[in-house]
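Here is how the chains run, residue by residue.
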Amino acid sequence: MPSATPDSSSPRIVLGVSGGIAAYKSVELLRLLKDAGYFVSPVLTPDATRFVGAVTFSALASEPARTSLYGDPSTPIPHTYLGQNADLIVVAPATAHLIARYAHGLGDDLLLATLLATRAPVLLCPAMHTEMWEQPSVQENLATLRRRGVLVLEPDVGALAGGDVGSGRLPEPAAIFEFVERIVQGYRGALTGRKVLITAGGTREAIDPVRVISNRSSGRQGYALAETAYRMGADVTLISTVNLPLALDVVRGVKVVKVQSAHEMHEEVMSRTSESDVVIMAAAVADFTLKASKEKLKKDQGPPALDFEATVDIVTDLVAKRSTGQLIVGFAAETENVHANAREKLRRKGVDLLVVNDVSAPSVGFEHATNEVTLFDRFDNEQTISLRSKESISYEILDRVVSLLSQGAS
Ligand code: CTP
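The structure displayed is predicted, hence computed values, not measured ones.

Draft legend 1. Quick peek at the overall build of the chain. Along the backbone of the chain there are 13 helices and 19 strands. Relative to a compact globule of 410 residues, whose C-alpha radius of gyration would be 22 Å, the chain shows 23 Å and is just as compact. Principal-axis analysis of the C-alpha atoms gives the chain an extent of 80 × 50 × 40 Å. By residue count, 52% of the 410 residues in the chain fall in the buried class. When contacts within the chain are restricted to residue pairs at least 6 apart in sequence, those whose partners lie at least 24 apart make up 66%. Carbon and sulfur atoms provide 51% of the accessible area of the chain, an area that totals close to 18600 Å². For the chain, the centre of its 41 positive side-chain charges and the centre of its 48 negative side-chain charges are spaced 4 Å apart.

Written out as structure tokens, the structure reads:
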């Protein structure tokens, strides 16, 4: 957190507000940011001023609110002044229209022009009715922006304007504020100088040249962790069974190594572990593999007898060969007795941190963009991170990694 009185070294935040009913909540967000010592410059789109007054923002912010590209007495080019000086741009609420314009590179008002004129990280906090939120056009525009490195805080499920209930509600200002703090801290390099090795995806065990046995892991949590770790300054290697796009601000920085089977993943992980400060085993590794047939099995030969054998437990091998001060994070997907199983697994595997998904819960874990996890660490701390984007979950996990690293070797 910056010092409470903003000065020239305070992180500078452009708070963009677009025209939705949730705009009133950004007044509270502004107060939180300002009280925490950020230098906050509000920019309202013309439609935002139909919902909230620029005067309110001017009274609370570090400098007067701006609403137009033209007529600013302090500078003829407010978009470049704002964009170049920002440490972070937060848009809350971000309407479907703003998201569409941003995705298409339009600069037809001060906020959009500022978003184009910056190299600072951008956090969008979408808010809209559920029907709009679920529109493929909106989701595709967001996917485009995410691929370009824009951070998106998923909306909450709850009461919407007009008495409706559904997803699309702007998260509470305190939750947005917390995420902002994480990003600013992250970009200040909480993991700078650390080498982080992450695995992602479900392994694929060959039955024959055509068929595989795999699992439902999408790899998204592992990719989100790799992106976030990179943004927090780490040197990241991602060992993955899947090909997902990495955000453009990250793609050149994260080394991706493709593998298929548990055996290949084991080899690649073990060849890199000694040089890693942190190893995060987010992959769903097969517990059993089988001897693959060289030829394709034919249907008329009847159901094949599959002869399984146990794979090496990579995490256990990592823990056995752990170097001094190295931090090892395991994942566990559970469907019952989640807490008892997690505690037992943390001890059995000897990891520093175990990230547990209850995959039987709706919108959690495999194939979802959102996740809810509980973190169990070696000091017996237990913390549930409620349902949110895999990106936000990554910040929580990596925050805990940073704090465990600061507490020294296990
Ligand atoms: N894991 C691993 N090597 C394996 C299997 C799992 O490194 N061969 C890792 C996973 O990447 C994960 C952790 O171990 O980080 C827990 O995986 P999980 O399948 O939940 O644990 P298991 O020991 O296989 O226990 P279970 O009986 O619940 O499957």
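Draft legend 2. Examining the packing of helix 4 (residues 96–103) against helix 7 (residues 136–147) more closely. At a closest axis distance of 9 Å, the pairing of helix 4 and helix 7 adopts a crossing angle of 45 degrees. Taken as axis vectors, helix 4 and helix 7 run oblique relative to one another. With respect to the hand of their crossing, helix 4 and helix 7 are arranged in left-handed fashion. Of the residues in helix 7, those touching helix 4 at A96, I99, A100, Y102 and A103 are V138, N141, L142 and L145. Considering only residue class, the contact of helix 4 with helix 7 consists of 8 nonpolar, 1 polar and no charged.

Draft legend 3. Quick peek at the site of the ligand. Around the ligand sit 17 residues in total, of which A283, V315, F331, K345 and K349 are the nearest. The backbone of M281 places a nitrogen or oxygen atom 2.8 Å from an oxygen atom of the ligand. Between the ligand and T311, the relevant distance is 3.2 Å, taken from a nitrogen atom to a side-chain nitrogen or oxygen of the residue. With the chains in place, 78% of the 580 Å² that the ligand exposes on its own is no longer accessible. With 4 residues, strand 16 (residues 327–334) is the single largest residue contributor to the shell around the ligand. Looking at the shell around the ligand, its residues break down into 10 nonpolar, 2 polar and 5 charged.

Draft legend 4. Examining helix 7 more closely. Here helix 7 is 12 residues long and its end C-alpha atoms lie 16 Å apart, about the 16 Å a rise of 1.5 Å per residue gives. Taken together, the buried positions of helix 7 are V138, N141, L142, T144 and L145. What you see down the axis of helix 7 is that its buried residues fit within an arc of 155 degrees, all on one side. Opposite the packed face of helix 7, turned more than 90 degrees from it, sit the exposed residues P136 and E140. Looking at the buried side of helix 7, the elements it contacts are helix 4, strand 4 (122–126), helix 6 (130–133) and strand 5 (151–152). Positioned one or two residues after helix 7, G149 has a phi angle of 100 degrees, which is positive.

Draft legend 5. Structural context of the side chain of S167. Note on placement: S167 falls in strand 7 (residues 165–169). The contact partners of S167, leaving out residues within four places of it in the chain, are M128, H129, T130, W133, E134, D156, V157 and L160.

Draft legend 6. Region of interest: the nonpolar core. Judged by nonpolar contacts, the single largest core of 67 residues is most densely connected at F57, V90, L123, I176, V180, I198 and I280. The leading source of residues in this core is helix 13 (residues 390–406), at 7 residues. Counting contributing residues per domain, this core is built from domain 1 (12–184) and domain 2 (195–407), each supplying no fewer than three. Look past the residues within four positions of I176 in its chain and what remains in contact with it is L29, V90, A92, C125, L153, L170 and P171. Ranked by size, the runner-up nonpolar core spans 28 residues in total, among them V43, L98, L110 and L115.

Draft legend 7. Fine view of the sheet that holds strand 8 (residues 195–200). Pairing within the open sheet is mixed, and its 8 strands lie in the order 12-11-8-13-16-17-18-19. Strand pairing shows two members of the sheet lacking a second neighbour, strand 12 (255–258) and strand 19 (382–389), which therefore form its edges. Across the sheet, the mean angle separating the axes of adjacent strands is 20 degrees when strand polarity is ignored. Pairing of strand 16 with strand 17 (residues 353–358) involves 6 bridges; the strand directions are parallel. For A332, the partnering residue across the bridge sits in strand 17 and is V356.

Draft legend 8. Structural view of the packing of helix 1 (residues 25–35) against helix 8 (residues 173–187). Where helix 1 meets helix 8, the axes come as close as 9 Å, and the angle between the chain directions of the two elements is 45 degrees. Between helix 1 and helix 8, the angle is such that the two are oblique. The chirality of how helix 1 crosses helix 8 is right-handed. For the pair helix 1 and helix 8, the contacting residues are K25, E28, L29, L32 and L33 in the first and P173, A174, I176, F177 and V180 in the second. Residues that form the contact of helix 1 with helix 8 fall into these classes: 8 nonpolar, no polar and 2 charged.

Draft legend 9. Quick peek at the pattern of salt bridges. Applying the stated criterion across every chain yields a total of 25 salt bridges. For R50, the salt bridge goes to D47, with nearest N and O atoms at 3.5 Å. On the basis of relative accessibility, which here comes to 39%, the residue D47 falls in the partly exposed class. R66 is the salt-bridge partner of E63, the closest N and O atoms lying 3.2 Å from each other. Side by side, E63 and R66 carry an identical accessibility label, which is buried. Salt bridges sharing common partners tie together E178, R182, R388, E396 and D399.

The rules behind each value
Residues numbered from 1 in each chain as written. Predicted model: local features only at pLDDT ≥ 70, side-chain atom pairs only at ≥ 80, totals over all residues. Heavy atoms only, no water. Helix = DSSP H or I, 4+ residues; strand = E, 2+ residues; numbered from the N terminus. Rg over C-alpha atoms; globule rule 2.2 N^0.38 Å. Buried < 20%, exposed > 50% of the residue type's maximum accessible area, 1.4 Å probe, protein only. Contact = heavy atoms within 4.5 Å. Areas by Shrake-Rupley, 256 points an atom, 1.4 Å probe, with all protein chains shown as cover. Lys, Arg positive; Asp, Glu negative; His and termini not counted. Charge placed at Lys NZ, Arg CZ, Asp CG, Glu CD. Axes fitted to C-alpha atoms, helices over the stretch in contact; angles between N-to-C directions. Parallel < 35°, antiparallel > 145°, perpendicular 65-115°, else oblique. Left-handed = near helix turned anticlockwise from the far one by under 90°. Nonpolar A, V, L, I, M, F, W, Y, C, P; charged D, E, K, R; others polar. Near = heavy atom within 4 Å. Polar contact = N/O pair within 3.5 Å; in protein donor to acceptor, adjacent residues only side chain to side chain. Expected span 1.5 Å × (residues − 1). Arc of directions from axis to C-beta. Core = buried A, V, L, I, M, F, W, Y, C linked by side-chain atoms within 4.5 Å. Domains from an automatic or database assignment. Pairing = 2+ DSSP bridges. Salt bridge = Lys/Arg side-chain N within 4 Å of Asp/Glu carboxyl O.

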